Amino acid sequence: MTNVQRSDWDQWWRTAVIYQVYPRSFSDSNNDGLGDVRGVINRLDYLQKLGVDAIWMSPHYPSPQADAGYDVADYFDVNPEYGTLEEFDELIAQAHERDIKIIIDIVPNHSSDQMKLFQDALEAGPNSPERDMYMFRFSEGKCPNNWGSLFGGPAWTAVEPLTNNEADRNWWYLHLFAPEQPDFNWENPKVHEFFRSYLRFWLDRGVDGFRVDVAHGLVKEEGLPDDKVGPDRWAVDPDEYTQTEGPFWDQPGVHDIYREWRRVLDEYGRDRVLVAEAWLTPEREALYVREDEMSQQFNFNYLEANWNAERVRAAINDPIKANGVVGAPVTWVMSNHDVVRATTRYGYEPQMDYGRGIGVDDPQPDRELGLARAKGMAVFTMGLPGSMYIYQGEELGLPEVTDLPDESRQDPTWLRTGHQVRGRDGCRVPIPWEADAPHFGFGTGDTWLPQPDYFGEFAADVQDDDPASTLNLYRRVLKLRRELELAKGDVEWVDLGDRSVLAIRNRGVLLVLNMTSRPVTIKDVTSVVASSCDVVIGDGEAVVPANCGAWLR
Ligand code: GLC
């Protein structure tokens, strides 16, 4: 099976290792308990040594932080808590000096309610051009339709209580997420114009691309019909609340937006990238990476497959097939800031549902098992062709914080669902850099989410000089990935007689992931190129332990 390329592999992003920085939690240079831009600059050498090609920065803009920065109040500046525009310029320059590209997060579905455009819209009153920038609707006595916010509660907020203007009686505005995140009206050409100028502003400063937040949500179905989930999304079963069909997802009109953006990016050269965050089926996702649209989409099927061999197999084959049709390479994603960290997911039975987050009263994972599997999966993944994402801390084997005190939780879902949904704070806890320093070297101020004592075991400094650490495993295997050019290779499945042992030949290397709970013997191999655990080799065979990932030859 060929991971088809559009023209050639020379465009950097087709094979890139992209590291996600979640700025609040990465590194705090001014000791206020929040990460910052200078913190990222200070850690560039670490990232270079890890072997990444690019950084994707989650939102760095001024924001009231109702949704950890995904509520942008000014698209043309840097959050003063994180630094200044000048520092951001310095970050771009210093990253480029080290051959590291910078991708930033564009949040086009909604802004912050504190953004001037929205405040002007409230002020200007019904039917004004200012209101037309957002999704205001008139409806007597009840919400205009039954849509529920993804963070809990209805997706509509009444306007009159905000403005105290009688003319606003029975007017509502739409927010697919929190009420502090009003949705833009993408039917309005002025919204298009605004985002084109936003793209140019950051491209002019030298960014290499954009990760597009909620890329499948910008356009809503004509007439805003009711959806089948209803207003209380979290009261229904997981398949429903995570469903990706409905009148606000994946409407055909979204593709025109990305074609328009592609033309803007192309003014700056074909190597500037657009990456889609679109939680859809592989076939639907592939439509976002057609030649005249985006460059990559996150392969979330891979992350959702957990420790289930058939699902992992499908999460490799289906996107390769679907993307092959449009000539785009596939990305491999194990974790991000919205899901339970991989090490923790793999420490549960595959059927565990942690879509609502994990708290101290929930069943706790087997940490050792989870880590072994995450390392196995990482080694296997690093051998796959295409591009790969690493979420900060993944290279340290960092677990989800499953025992976060509920009173410290900040994810809007926690409050908005009346404490039914714990949400995503557990994967956002500040990174441990030094085992023996206050707050594990993140910064000396109290961190915005508390770090558990066991984070010290995972600190980057203790892993740095330990050849057997997860960090050094990532460094070694990423280096081999590059040297052997596996990212430019193919997926050729090898049948080892057990569907739970995944085996792929790529450029002469046999990538193996033993997803069973016993060792497997693999014939006709003479050497171990890389592995997440001790593989015994001899007499032309290798014994790969349970939960282990290995590259054999
Ligand atoms: C995306 C982000 C998530 C955010 C949401 C609303 O899914 O990854 O963190 O809460 O969009 O912007």
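Refer to the preceding data block for the structure.
Okay, so let's go over this structure. Position numbers for residues count from 1 along each chain, tracking the sequence in the order it is written. pLDDT decides what is reported in this predicted model: residues at 70 or higher carry local features, side-chain atom pairs at 80 or more are listed and counted, and totals for whole chains, interfaces and linings draw on all residues regardless. Side-chain descriptors were evaluated using all non-hydrogen atoms of the structure, hydrogens and water having been removed beforehand.

The next subject is the state of the cysteines. Cysteine sulfurs are considered disulfide-paired once they come within 2.5 Å of each other. Summed over the entire model, instances satisfying the criterion amount to one disulfide. Between Cys 533 and Cys 548 runs a disulfide, and the two sulfur atoms are separated by 2.2 Å. On the S-S bond that ties Cys 533 to Cys 548, the torsion sits near -115°, and the link is left-handed. Of this pair, Cys 533 sits in the loop between β16 (528-531) and β17 (536-538) while Cys 548 is found in the loop between β18 (541-544) and β19 (549-552), placing the two residues 15 residues apart along the sequence. To sort residues, take the accessible area from a 1.4 Å probe on protein chains only and compare it with the maximum for the residue type: under 20% means buried, over 50% means exposed, and anything in between is partly exposed. Residue Cys 548 is classed as buried on the basis of its relative accessible area of 0%. In this description a helix means any DSSP run of H or I spanning at least four residues, a strand means any run of E spanning at least two, and both kinds are numbered starting from the N terminus.

With respect to the secondary-structure elements, Glu 260 resides in helix α8 (residues 254-266). Assessed through its relative accessible area of 13%, Glu 260 is described here as buried. Once you skip the residues sitting within four places of it in the chain, Glu 260 turns out to touch His 192 and Arg 196. It only takes one pair of heavy atoms within 4.5 Å for two residues to be counted as in contact.

Time to look at the site of the ligand. Near residues are defined by distance, with any heavy atom within 4 Å of the molecule or strand qualifying the residue. Around the ligand sit 13 residues, and of these Asp 67, Asp 213, Glu 277, His 337 and Asp 338 come closest. In protein, a polar contact means a hydrogen-donor-capable atom and an acceptor-capable atom, both N or O and within 3.5 Å, with residues adjacent in sequence counting only if both atoms are side-chain atoms; elsewhere, any N or O pair within 3.5 Å suffices. Interatomic distance of 2.5 Å between a side-chain N/O atom of Asp 338 and an oxygen atom of the ligand. Out of a free accessible area of 310 Å², the ligand has 95% covered by protein chains. Gly falls in the polar group here, along with every residue not listed as nonpolar (Ala, Val, Leu, Ile, Met, Phe, Trp, Tyr, Cys, Pro) or charged (Asp, Glu, Lys, Arg). Per-class residue counts for the shell around the ligand are four nonpolar, two polar and seven charged. Accessible surface area values rest on a Shrake-Rupley calculation with a 1.4 Å probe, where residue burial reflects the displayed protein chains alone.

Every buried residue of helix α4 (residues 116-124) is listed here: Phe 118, Ala 121 and Leu 122. Taken end-on, α4 shows its buried residues confined to a sector of 100°, consistent with a single buried face. In α4, those exposed residues whose orientation departs by more than 90 degrees from the buried face are Lys 116 and Glu 123. Contacts made by the buried residues of α4 are with β4 (136-138), α5 (160-163) and β6 (171-174). The directions from the helix axis to the C-beta atoms are what the arc is built from.

Backbone geometry places Asn 31, a non-glycine residue, at a positive phi of 60°. Considering the arrangement of structural elements, one finds Asn 31 in the loop between β1 (17-21) and α1 (37-42). Under the relative-accessibility criterion, Asn 31 is labelled partly exposed at 36%. The residue Asn 547 is not glycine, and still its phi comes out positive at about 65°.

A word on the pairing of strand β3 (residues 101-106). Look at any regular strand and the pattern is simple: side chains alternate between the two faces of the sheet. The element β3 is largely enclosed, with a buried count of five among its six residues. When DSSP finds at least two bridges between two strands, those strands are taken to pair. Where strand β2 (residues 54-57) lies against β3, four bridges are found, and the strand directions are parallel. Bridging from a neighbouring strand, Ala 54 pairs with Lys 101 of β3. By the criterion used throughout, a crossover qualifies as right-handed when its path from the first strand across the helix to the second strand runs clockwise, the strands pointing away from the viewer. Traced from β2 through helix α3 (residues 85-97) to β3, the parallel crossover comes out right-handed. Pairing analysis gives four bridges linking β3 to strand β7 (residues 209-212), with the strands arranged parallel. Paired with Ile 106 across the bridge in β7 is Val 212.

Working definition: a ring pair exists when centres of Phe, Tyr or Trp rings (six-membered ring for Trp) sit within 6.5 Å. Plane angles under 30 degrees give stacked, over 60 give edge-to-face, the rest tilted. Within this structure, the stated rule accounts for 43 aromatic pairs. Here Phe 184 and Phe 195 contribute two aromatic rings whose centre-to-centre distance is 5.3 Å and whose plane-to-plane angle is 90°, an arrangement assigned as edge-to-face. Of this pair, Phe 184 sits in the loop between β6 and α6 (189-204) while Phe 195 sits in helix α6, and the two are eleven residues apart along the sequence. Per residue, the accessibility class of Phe 184 equals that of Phe 195, and both read buried. Look at Phe 248 and Trp 249: their rings are 5.1 Å apart centre to centre, the planes differ by 75°, and that puts the pair in the edge-to-face class. For Phe 248, a relative accessible area of 1% puts it in the buried group. Our definition puts a charge over a ring when NZ of Lys or CZ of Arg is within 6 Å of the ring centre and also within 35 degrees of the ring normal. Over the face of the ring belonging to Trp 448 we find Arg 24, whose NZ or CZ atom lies 4.0 Å from the ring centre. Sitting above the plane of the Trp 414 ring, Arg 409 keeps its charged end 5.7 Å from the centroid.

Turning next to the sheet that holds β17. Strands sit in the order β15-β18-β17 across an open sheet of three strands; the sheet is antiparallel. Single-partner strands in this sheet number two, and they are β15 (520-523) and β17. Pairs of neighbouring strands in the sheet enclose a mean axial angle of 20°, with direction left out of account. Relative to β18, β15 runs antiparallel, the two being bridged by four bridges. Working convention: axes come from line fits to C-alpha atoms, limited for helices to the stretch in contact. Angles between N-to-C directions cover 0 to 180 degrees.

As a further point, take the sheet that holds strand β12 (residues 492-493). With antiparallel pairing, the five strands of this open sheet are ordered in space as β12-β13-β14-β19-β16. Across the chains shown, the open sheet's two edge strands, defined by having one partner strand only, are β12 and β16. Inspection of the sheet shows β12 paired to strand β13 (residues 501-506) by two bridges, in the antiparallel sense. From the neighbouring strand, Glu 492 faces β13, where its bridge partner is Arg 505. This element, helix α11 (residues 309-326), spans β12 and β13 of the sheet and lies at about 25° to β13. Along the sheet face, helix α16 (residues 470-483) touches β16 and β19 and points at about 135° away from the line of β16.

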